[in-house]
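Take a look at the letters that make up each chain.
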2 protein chains.
Amino acid sequence: MSAPLLEQFIEALRVLPGVGQKTAQRMAYHLLDRDRRGGARLAEVMADALMKIGQCKQCRDFSEGEICGLCASASRDRQQLCVVESPVDRLAIEQATGYRGLYFVLHGKLSPLDGIGPRELGLDQLGERLAQGGVEEMIIATNPTVEGEATAHYVAQLARQHGVRPSRLAHGVPLGGELEYVDRGTLSHAFGSRSEIP
Amino acid sequence: MSAPLLEQFIEALRVLPGVGQKTAQRMAYHLLDRDRRGGARLAEVMADALMKIGQCKQCRDFSEGEICGLCASASRDRQQLCVVESPVDRLAIEQATGYRGLYFVLHGKLSPLDGIGPRELGLDQLGERLAQGGVEEMIIATNPTVEGEATAHYVAQLARQHGVRPSRLAHGVPLGGELEYVDRGTLSHAFGSRSEIP
Ligand SMILES: [Zn+2]
Ligand SMILES: [Zn+2]
């Protein structure tokens, strides 16, 4: 007996990650009751963004133009290329470190069972870029998961084929972390990779 | 250096309740990377819903038409009127109980400090409806919070002024709840309202 458009609205909200039936309902009711203007603006910007935001031809990060601002910038070091799984990872590195090189965004990780192979991750494109020369170090910053490690392995081989030196982020106990709460795999790795105190 | 439209998109998503910067980012990236079609559909339905869904003239529940399906239904008992704070509450009662009467949705609770008085809750409209006669019992199902109780008190007075019998939901230990985990206020109330075992 309730309005079908309201049901459609609640159903449509469930495309958002982590949003189930209850949350979708709460969101729809909130917008209808308290923020119709903000909701209308969201609908407009969302339609616009999904239509106009594509991928940068060089780094595959999201971009409105053919080449993103970072790739176009004259102040970045073109000898370093950092490979990340997603735009969020690029953002995290950009915000946390002083890295001044360029990036390459995979938009995923190798996952043959899901049909995600080298082609889907743009690795042919990455190969072409390396073939053009100029890159000296490839910093592989995929996530330390099984699939992320397999991807890192594959990408490192690609780098070596083009005479580029691959490197990866250090793993270990997080700064400020307590041993007691560090997962076993990390602890074991950190223990095995211990360094002598000079 | 990142695309301004992407930033606008992330910012706009924050109108959704419970969505902060990190979640908004994850949502935008998810739609851009994996569900552009679902996102476009959401944008369309959202714009449509916010434009077309108003309030039922009788019960103030969300409705596309002037009168909602429930109010228009010939099979509901017009002698009972259940007053709820929000459409979600109406839905919960409709789904959990066998109630066959009508509803009135306040879309809030009395909160003088936030400028929410009887007028904002449609209580003048509720008064007019009671004045027309026909309603015998008013079931007040506001939430058992301080403001909800104050609202219930006010609404009950309004009912009495029109010769309508007000009632409220029973409070007590939830079925299947363990005393140990019931809050003190509820436990104290349940204890005071104990009934003799026949
Ligand atoms: Zn780029
Ligand atoms: Zn109605």
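See the structure shown above.
What this report covers is the structure whose coordinates are included nearby. (Residues numbered from 1 in each chain as written. Chains lettered and ligands numbered in written order. Predicted model: local features only at pLDDT ≥ 70, side-chain atom pairs only at ≥ 80, totals over all residues. Heavy atoms only, no water.)

## Remarks on the overall build of chain A
Note the cut-off: In this description a helix means any DSSP run of H or I spanning at least four residues, a strand means any run of E spanning at least two, and both kinds are numbered starting from the N terminus. Put simply, the radius of gyration uses C-alpha atoms, and a globule should come to 2.2 Å times the residue count raised to 0.38. When accessible area is computed with a 1.4 Å probe and restricted to protein chains, residues below 20% of their type maximum are described as buried, those above 50% as exposed, and intermediate ones as partly exposed. Contact between two residues is taken to exist if any of their heavy atoms lie within 4.5 Å; hydrogens are not considered. In this description, accessible areas are obtained by the Shrake-Rupley approach with a 1.4 Å probe, and a residue is regarded as covered only by the protein chains that are shown.
Counting secondary structure elements, chain A contains eight helices and six strands. Taking 198 residues into account, the globule formula puts the C-alpha radius of gyration at 16 Å, and chain A, at 22 Å, lies well above it. Its C-alpha atoms give chain A principal-axis dimensions of roughly 70 × 45 × 35 Å. Split into buried and exposed, the 198 residues of chain A put 43% on the buried side. A separation threshold of at least 6 residues defines the contact pool for chain A, and within that pool the share at least 24 residues apart is 49%. Total accessible area on chain A stands at roughly 11,300 Å², and carbon and sulfur atoms take up 52% of it.

## A closer look at the coordination of the zinc ion (ligand 2)
All names here are of chain B. Heads up, the condition is: Each metal's donors are the N, O and S atoms within 2.8 Å of it, or within 3.2 Å when it is Na, K or Ca, and because water is not part of the set, sites may look incomplete. A four-donor site is classed as tetrahedral when every donor-metal-donor angle falls between 85 and 135 degrees; four donors are called square planar, and six octahedral, when trans pairs exceed 155 degrees and all remaining angles lie between 65 and 115, with any other arrangement labelled irregular.
At this site the zinc ion (ligand 2) is bound by Cys 56 (SG), Cys 59 (SG), Cys 68 (SG) and Cys 71 (SG), with donor distances of 2.2 to 2.3 Å. In this structure, the zinc ion (ligand 2) is surrounded by four donor atoms whose angles at the metal cover 106 to 117°, and the resulting shape is tetrahedral. Written as a sequence motif, the donor residues of the zinc ion (ligand 2) are C-x2-C-x8-C-x2-C. Remark: Cys 71 occurs in helix 4 (residues 69-72) and Cys 56 occurs in the loop between strand 1 (54-55) and strand 2 (62-63); sequence separation between them is 15 residues. The two residues Cys 56 and Cys 71 agree in class, both being buried.

## Considerations on the packing of helix 2 (residues 21-34) of chain A against helix 5 (residues 87-96) of chain B
The test is simple: Inter-axis angles, ranging from 0 to 180 degrees, are taken between N-to-C directions of lines fitted to C-alpha atoms, where helices are fitted over the stretch in contact. Comment on the angle field: the value is read as roughly parallel under 35 degrees, roughly antiparallel over 145, roughly perpendicular from 65 to 115, and oblique elsewhere. In this count, Pro and Cys sit with the nonpolar residues alongside Ala, Val, Leu, Ile, Met, Phe, Trp and Tyr, while Asp, Glu, Lys and Arg are called charged and the others, Gly among them, polar.
Where helix 2 of chain A contacts helix 5 of chain B, the axes come no closer than 10 Å and their chain directions differ by 140°. Here helix 5 of chain B runs oblique to helix 2 of chain A, going by the angle between their axes. On helix 5 of chain B, the residues that touch Gln 25, Tyr 29 and Asp 33 of chain A of helix 2 of chain A are Pro 87, Val 88 and Leu 91 of chain B. Across the contact of helix 2 of chain A with helix 5 of chain B, the residue classes tally to four nonpolar, one polar and one charged.

## Looking at the interface of chain B and chain A
Here is the rule we go by: By buried area we mean how much accessible surface two parts lose on assembly, using a 1.4 Å probe and totalling the loss over both. The working definition used for a salt bridge is a side-chain nitrogen of Lys or Arg within 4 Å of a carboxyl oxygen of Asp or Glu. Under this definition, polar contacts are N or O atom pairs within 3.5 Å; protein pairs additionally need one hydrogen-donor-capable and one acceptor-capable atom, and for neighbouring residues in sequence, both atoms have to be side-chain atoms.
Contacts between the two partners involve 50 residues from chain B and, on the opposite side, 50 residues from chain A. A combined buried area of about 4,700 Å² lies between chain B and chain A, and 74% of that area is made up of carbon and sulfur atoms. Three residues stand out in chain B for area buried against chain A, namely Leu 5, Leu 50 and Phe 62 of chain B, and they jointly supply 14% of the buried area on that side. Our count for the contact surface shared by chain B and chain A stands at zero salt bridges. Across the contact surface, chain B and chain A share eight residue pairs in polar contact (both at pLDDT 80 or more). At the level of secondary structure, the elements contributing two or more residues to the side of chain B that touches chain A comprise helix 1 (4-13), helix 2 (21-34), helix 3 (36-52), strand 1, helix 4 and helix 5 of chain B. Here the element with the most residues in the side of chain B that touches chain A is helix 3 of chain B; it accounts for 14 residues. Per-class residue counts for the side of chain B that touches chain A are 30 nonpolar, 11 polar and nine charged.

The values reported here are purely geometric and, on their own, carry no functional implication.
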